[in-house]
Amino acid sequence: MNLKGKRAVVTGSNSGIGLGVAEELAKAGADVVLNSFTNRDEDHDLARSFGERFGVSARYIQADLSDGAQARALIDEAVAQMGGCDILVNNAGIQHVAPIEEFPVEVWNRIIAINLNSAFHTTAAALPGMRAAGWGRIINIASAHGLTASPYKSAYVSAKHGVVGMTKAVGLETAGQGITCNAVCPGYVLTPLIESQIPDQMKVHNMDRETVIREVMLQRQPSGQFATTEQIGGTVVWLCSDYAAQVTGTTISVDGGWTAL
Ligand code: NAD
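Here the structure is a predicted model, which is why all the values come from computation and not from measurement.

Rules used throughout
- Residues numbered from 1 in each chain as written.
- Predicted model: local features only at pLDDT ≥ 70, side-chain atom pairs only at ≥ 80, totals over all residues.
- Axes fitted to C-alpha atoms, helices over the stretch in contact; angles between N-to-C directions.
- Helix = DSSP H or I, 4+ residues; strand = E, 2+ residues; numbered from the N terminus.
- Parallel < 35°, antiparallel > 145°, perpendicular 65-115°, else oblique.
- Contact = placed C-beta atoms within 7 Å.
- Nonpolar A, V, L, I, M, F, W, Y, C, P; charged D, E, K, R; others polar.
- pLDDT = per-residue confidence, 0-100.
- Pairing = 2+ DSSP bridges.
- Right-handed = clockwise from strand over helix to strand, strands pointing away.
- Core = buried A, V, L, I, M, F, W, Y, C linked by C-beta atoms within 7 Å.
- Buried ≥ 20, exposed ≤ 12 C-beta atoms within 10 Å, placed from the backbone.
- Near = placed C-beta within 6 Å.
- Expected span 1.5 Å × (residues − 1).

**Q** Can you tell me about the packing of helix H6 (residues 192-205) against helix H7 (residues 209-217), naming the residues and giving the values?
**A** It is at 9 Å that the axes of H6 and H7 come closest, and there the two elements cross at 85°. It follows from the interaxial angle that H6 and H7 lie roughly perpendicular. From H6, Ile198, Gln201, Met202 and His205 reach across to H7, where they touch Arg209, Val212 and Val216. Residues that form the contact of H6 with H7 fall into these classes: four nonpolar, two polar and one charged.

**Q** I'd love a proper account of the confidence of the model for the protein chain, names of residues and values included.
**A** Residues at a pLDDT of 70 or more form 100% of the protein chain, whose mean pLDDT is 97. With a pTM of 0.97, the predicted complex shows an ipTM of 0.99.

**Q** If you had to explain the pairing of strand S3 (residues 58-62) to someone new, which residues and values would you point to?
**A** Relative to S3, strand S2 (residues 31-36) runs parallel, the two being bridged by five bridges. Within S3, the residue paired with Leu34 across the bridge is Tyr60. For the segment spanning S2, helix H2 (residues 41-54) and S3, crossover handedness is right-handed.

**Q** Outline the nonpolar core, supporting the account with residue identities and numerical values.
**A** Core analysis: the biggest nonpolar cluster contains 67 residues, and Leu25, Val32 and Val236 have the highest contact counts within it. Non-local contacts of Val236, meaning those with residues more than four positions away in its chain, are made with Val21, Glu24, Leu25, Val89, Ile139 and Val184.

**Q** Can you tell me about the pairing of strand S6 (residues 179-186), naming the residues and giving the values?
**A** When you tally the buried positions in S6, you get eight out of eight residues, the bulk of the element. Judged by which residues are buried, S6 turns out to be covered on both faces: Ile179, Cys181, Ala183 and Cys185 on one side and Thr180, Asn182, Val184 and Pro186 on the other are all buried. Where strand S5 (residues 136-141) lies against S6, six bridges are found, and the strand directions are parallel. Counterpart to Asn140 in the pairing with S6 is Ala183. Read from S5 through helix H5 (residues 154-174) to S6, the crossover connection turns out right-handed.

**Q** Could you give me a rundown of the site of the ligand, with the residues and numbers involved?
**A** Among the 27 residues in the neighbourhood of the ligand, the closest are listed as Gly12, Gly16, Gly93, Thr191 and Leu193. Within the residue set of the shell around the ligand, elements represented by two or more residues are helix H1 (16-27), helix H4 (105-133) and H6. Taken together, the residues of the shell around the ligand sort by class into 13 nonpolar, 13 polar and one charged.

**Q** Lay out helix H3 (residues 68-82) with the relevant residues and their values.
**A** The end-to-end C-alpha distance of H3, which contains 15 residues, comes to 21 Å, matching closely the 21 Å that a straight helix rising 1.5 Å per residue would cover. The inward-facing, buried residues of H3 abut strand S1 (7-10), S2, S3 and H4. Residue Gly83 follows H3 closely and has a positive phi angle near 90°.

**Q** So what about the sheet that holds strand S4 (residues 87-90)? Which residues, and what values?
**A** Spatially, the seven strands line up as an open sheet ordered S3-S2-S1-S4-S5-S6-S7, and their pairing is parallel. Strands at the two margins of the open sheet, each flanked by one partner only, are S3 and strand S7 (251-254). On average, adjacent strands in this sheet sit at an angle of 20° to one another, irrespective of strand direction. Pairing analysis gives four bridges linking S1 to S2, with the strands arranged parallel. Each bridged residue has a counterpart across the sheet, and for Ala8 the counterpart in S2 is Val32. Across the sheet, H5 is in contact with S5, S6 and S7; its angle to S6 comes to roughly 160°.

Next up, the structure:
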């Protein structure tokens, strides 16, 4: 799993799964671009720490991926700074829990923009360079909610199903060109995103925190455990390796058995 010399962009990677993915790519030797919409000293310090921890080159590039122009500019800036983009991980995502008839339209649009549209823009911007190089890996962090649904998550479920569909289409458009495009579909991973969703889940289900974790979340994962960010990152590294060169246009579930039910 040696990715030395490969240059990776991981969107939404200053916390949670994106950070875990960036760390596993760096452990495998890849240089990385971290990204989010914030521009704090700690974001840049985080990227600098990758050099000390993993001996790779890393930088932080701010881009608000709710804006398609900024999503494309992120790839252009990454290519300008690193000389190319061999690996693109579309990870940035948000969600909101509400009954569909109470779902604020601006929140719906924002979820679709960040979870789905941003991956369209970054993929379109990164592909010409990958085609010219004859090598590329695009990995979309979708979700078990890209294959199944839950009540009160209509925008998120719609966006993630869209990501799975786009993954198949791009896998076909790039087949035989040294480029693969796949989706990783995590079940529940206890990240800041999931933590922030627990109060809303408590409200709509009328449950306390422990019951939400047990009855709403882990009840869907036959393993009875959260997956870890390292396990999602390791799956991404494998998809980037030569072992997975014939894996394209498909989904890999890391969900403790959720989608087998
Ligand atoms: P998180 O909240 O910890 O991380 C989300 C990342 O996206 C953060 O870095 C955040 O800054 C970034 N982000 C949010 N809005 C952005 C914007 N406008 N522009 C740029 N970056 C933005 O959440 P997470 O759980 O690590 O989620 C990461 C991905 O994994 C998401 O796509 C999510 O849907 C998916 N996922 C998570 C779980 C889970 O259980 N945690 C399960 C399945 C899928």
